[in-house]
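# A structural walkthrough
The lines below spell out each chain.
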Amino acid sequence: SIVSEIKNLRMRLYLIRNMQAFGVSSLFFCVMCMFVLFSGRPDLGKYIFNLSLVLMMISLAISIWEIQISTKALN
């Protein structure tokens, strides 16, 4: 029982770490997009912003996965 709980916690920590990494990367690229747009490169800014949206979607998907694991652990 304790071993399975530790495995569950390790998995959740791994997911949370990755979720935060993708979320922070998304925010970084969003800020970079603003700098690029203000420097007069709207074409490049669109690509960077699209990348930031994809990274945020990955972060949110990992968040949903972690929430599902944590609610199953409580049951």
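Residues numbered from 1 in each chain as written. Predicted model: local features only at pLDDT ≥ 70, side-chain atom pairs only at ≥ 80, totals over all residues. Heavy atoms only, no water.

## A word on the pattern of salt bridges
Considering all chains together, one arrives at two salt bridges under this definition. Between E66 and R12 there is a salt bridge whose closest N-O contact spans 2.8 Å. Separated by 54 residues along the polypeptide, E66 in helix α2 (residues 42–74) and R12 in helix α1 (residues 2–38) bring together distant segments of the chain. Look at E66 and you get buried, because its relative accessible area is 10%. Note that D43 and R41 form a salt bridge whose closest N and O atoms lie 3.9 Å from each other. When its relative accessible area of 45% is taken as the criterion, D43 is described as partly exposed. (Salt bridge = Lys/Arg side-chain N within 4 Å of Asp/Glu carboxyl O. Helix = DSSP H or I, 4+ residues; strand = E, 2+ residues; numbered from the N terminus. Buried < 20%, exposed > 50% of the residue type's maximum accessible area, 1.4 Å probe, protein only.)

## A few points about the environment of L9
Within the fold, L9 resides in helix α1. Along the primary structure L9 and P42 are separated by 33 residues, whereas in three dimensions their C-alpha atoms are 43 Å apart.

## Considerations on α1
An ideal rise of 1.5 Å per residue puts 54 Å on 37 residues; α1 measures up with 54 Å between its terminal C-alpha atoms. Considered for burial, the residues of α1 that qualify are L15, N18, M19, G23, S26, C33 and V36. Directly after α1, the chain includes G40, whose backbone phi takes a positive value near 90°. (Expected span 1.5 Å × (residues − 1).)

## Observations concerning the packing of aromatic side chains
What the rule picks out here adds up to one aromatic pair. Taking the centre distance of 5.5 Å and the plane angle of 75° together, the rings of F28 and F29 count as edge-to-face. Classification of F29 by relative accessible area gives partly exposed; the value is 23%. (Phe/Tyr/Trp six-rings, centres within 6.5 Å; stacked < 30°, edge-to-face > 60°.)

## Here we look at the state of the cysteines
All told, the structure shown has zero disulfides when counted by the stated rule. A disulfide-free cysteine, C30 has its sulfur positioned 6.1 Å from the sulfur of C33, the nearest such atom. Under the relative-accessibility criterion, C33 is labelled buried at 5%. (Disulfide = S-S within 2.5 Å.)

## Some thoughts on the environment of I62
Mapping I62 onto the fold places it in helix α2. Between the C-alpha atom of I62 and that of N18, which follows or precedes it by 44 residues, the distance is 7.7 Å. Other than its neighbours up to four places away in sequence, I62 contacts L15, N18, M19 and F22. (Contact = heavy atoms within 4.5 Å.)

So far we have only geometry, and geometry alone does not tell us how the molecule works.
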